[in-house]
Amino acid sequence: MMGSALDNRHSDRYFKELFGLESSQVKRTCVLMPFLLKEVLKEFKIGRLARGKLYGAGNSRDFTLIHSGLGPALTGDAALYLKDTGCKNVILFGSCGLLAENNGLGIGSLISPLKAYSLESFSRMLSDQDIASDAYYPDKKLLEDFISSANGAIKQISCATVSSLKLEEERKDTWLKQGIEAVDMECSAFFAAASHSGFRSIAIFYVTDIIGVKPFYQEIGLKDKAKISLAQKTAAGLLCKFIQENLPA
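The following paragraphs examine the structure supplied in this document. All values reported here derive from a predicted model rather than from experimental measurement. (Residues numbered from 1 in each chain as written. Predicted model: local features only at pLDDT ≥ 70, side-chain atom pairs only at ≥ 80, totals over all residues. Heavy atoms only, no water.)

Let's talk about the layout of surface pockets
Reasoning step 1: Space inside the largest pocket adds up to approximately 610 Å³.
Reasoning step 2: Surrounding the largest pocket, 26 residues form its lining, Ser 95, Cys 96, Thr 208, Asp 209 and Phe 216 being those nearest its centre.
Reasoning step 3: Tallied by class, residues from the lining of the largest pocket come to 15 nonpolar, 5 polar and 6 charged. (1 Å grid on protein atoms, 1.4 Å probe; cavity = no way out; pocket = protein on both sides within 12 Å on 5 of 7 lines; lining within 4 Å. Points joined across faces, edges and corners; volume = space filled by probe spheres on them. Nonpolar A, V, L, I, M, F, W, Y, C, P; charged D, E, K, R; others polar.)

Regarding the side chain of Glu 186
Reasoning step 1: Following the sequence through the fold, Glu 186 ends up in the loop between strand 9 (182-184) and helix 7 (187-197).
Reasoning step 2: Buried and without a salt bridge, Glu 186 has Arg 51 as its closest oppositely charged side chain, separated by 14 Å.
Reasoning step 3: Aside from chain neighbours lying at most four places away, what touches Glu 186 is Pro 34, Gly 69, Leu 70, Gly 71, Pro 72, Thr 75, Leu 92 and Thr 161. (Helix = DSSP H or I, 4+ residues; strand = E, 2+ residues; numbered from the N terminus. Buried < 20%, exposed > 50% of the residue type's maximum accessible area, 1.4 Å probe, protein only. Lys, Arg positive; Asp, Glu negative; His and termini not counted. Salt bridge = Lys/Arg side-chain N within 4 Å of Asp/Glu carboxyl O. Contact = heavy atoms within 4.5 Å.)

Remarks on helix 6 (residues 167-177)
Reasoning step 1: The set of residues buried in helix 6 consists of Leu 167, Glu 168, Arg 171, Lys 172 and Trp 175. In an axial view of helix 6, the angular spread of the buried residues amounts to 145°, which keeps them on one side of the axis. Seen from the buried face of helix 6, the exposed residues on the opposite side, beyond 90 degrees, are Asp 173 and Lys 177.
Reasoning step 2: Next to the buried residues of helix 6 lie strand 6 (110-119), helix 4 (122-126), strand 8 (155-162) and strand 9.
Reasoning step 3: Phi turns positive, to about 90°, at Gly 179, one or two residues after helix 6. (Arc of directions from axis to C-beta.)

Topic: the nonpolar core
Reasoning step 1: Core analysis: the largest hydrophobic core is formed by 65 residues, its most contacted members being Val 31, Phe 44, Leu 65, Leu 82 and Phe 93.
Reasoning step 2: Formed by 13 residues, the second largest nonpolar core is a distinct cluster that contains Met 125, Ala 132, Trp 175 and Val 183. (Core = buried A, V, L, I, M, F, W, Y, C linked by side-chain atoms within 4.5 Å.)

Here we look at the packing of helix 3 (residues 72-81) against helix 7
Reasoning step 1: It is the contact of helix 3 with helix 7, at a shortest axis distance of 8 Å, that shows an interaxial angle of 20°. Considering their axes alone, helix 3 and helix 7 lie roughly parallel with respect to each other. The two elements helix 3 and helix 7 cross, and the hand of that crossing is right-handed. For the pair formed by helix 3 and helix 7, the contact residues are Pro 72, Thr 75, Gly 76, Ala 79 and Leu 80 on the first element and Ala 189, Phe 190, Ala 193, Ala 194, His 196 and Ser 197 on the second.
Reasoning step 2: Residues belonging to the contact of helix 3 with helix 7 are distributed by class as follows: 7 nonpolar, 4 polar and no charged. (Axes fitted to C-alpha atoms, helices over the stretch in contact; angles between N-to-C directions. Parallel < 35°, antiparallel > 145°, perpendicular 65-115°, else oblique. Left-handed = near helix turned anticlockwise from the far one by under 90°.)

Quick notes on unusual backbone geometry
Reasoning step 1: Even without being glycine, Asn 103 reaches a positive phi, approximately 55°.
Reasoning step 2: Examined against the element boundaries, Asn 103 turns out to sit in the loop between strand 5 (89-98) and strand 6.
Reasoning step 3: Owing to a relative accessible area of 56%, Asn 103 belongs among the exposed residues under this scheme.
Reasoning step 4: The residue Asn 151 is not glycine, and still its phi comes out positive at about 55°.
Reasoning step 5: The residue Asn 151 is located in the loop between helix 5 (140-149) and strand 8 in this model.
Reasoning step 6: Since its relative accessible area comes to 67%, Asn 151 is described here as exposed.

Points about the pattern of salt bridges
Reasoning step 1: Taken as a whole and judged by the stated rule, the model has 8 salt bridges.
Reasoning step 2: Between Glu 22 and Lys 16 there is a salt bridge, with the nearest N and O atoms lying 3.6 Å from each other.
Reasoning step 3: Given the relative accessible area of 29%, Glu 22 is considered partly exposed.
Reasoning step 4: Counted as one network, the salt bridges with shared partners bring together Lys 166, Glu 170 and Arg 171.

Overview of the environment of Met 33
Reasoning step 1: Tracing the backbone through its elements, the reader meets Met 33 in strand 1 (residues 29-33).
Reasoning step 2: Judged by relative accessible area, Met 33 falls into the buried class, the value being 1%.
Reasoning step 3: Sequence-wise, Met 33 and Gly 97 are 64 residues apart; in three dimensions their C-alpha atoms are separated by 16 Å.
Reasoning step 4: The contacts of Met 33, once residues within four sequence positions are left out, are Val 40, Phe 44, Leu 65, Ile 66, His 67, Ser 68, Gly 69 and Phe 93.

Structure representation (structure tokens):
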């Protein structure tokens with residue numbers, strides 16, 4: 001018993017060093033954000049985040065928010081570390097790019113991936129091995145409940161998690177033929193890590209760019225900026241409502 005207690009204390013200290021929170025403070029639902037937005041913090045009613053070596057974290061009334069950082073490794077690891085806490089549900093909240101502006105989708109649209117193809121390897125993409133084959137999935141029931149709760153505000157699509165912003169422009173026609181509509185940089189790793197940890201998971205993205213048409217590196221107009229800002233706030237509101245009504249703390 002003494003050894004087990006010591007192990008638990010060591011694990012708690014290790015977690016706090018990484019996240020800035022005690023593992024016992026983590027709620028049943030965690031929202032992971034690769035890129036932190038002050039406006040979203042206001043919508044979530046969260047003040048300053050506690051900072052750890054890798055992550056920032058803070059609690060609202062109903063969930064724990066984690067600033068996970070960009071890329072599949074940091075976001076995937078965050079979901080793995082959470083396995084030693086009381087977390088049961090994880091939600092990825094981030095941005096994505098559309099491969100084409102169609103099916104009613106454009107800048108500021110809200111989407112939730114029903115499938116995330118894994119193209120996380122830069123070297124694989126560089127060697128033209130760009131056919132998406134491995135795919136990872138959200139929790140089916142949780143996704144159904146979330147889409148229903150959003151009352152048509154969120155569309156379900158297939159996405160690919162990619163490792164190169166440059167190469168995505170060259171590969172987009174191939175991916176479109178596979179039925180892929182959007183690209184991001186975390187989702188497949190997030191779904192894989194969530195499944196490995198035994199969590200129920202979903203993701204929600206707001207569209208910030210159109211690959212090859214309105215690329216991320218070009219200045220966007222005021223109209224599109226307003227669409228993105230509204231999408232971020234709308235998504236935050238939908239998440240708060242869904243978690244409060246369906247995922248008790």
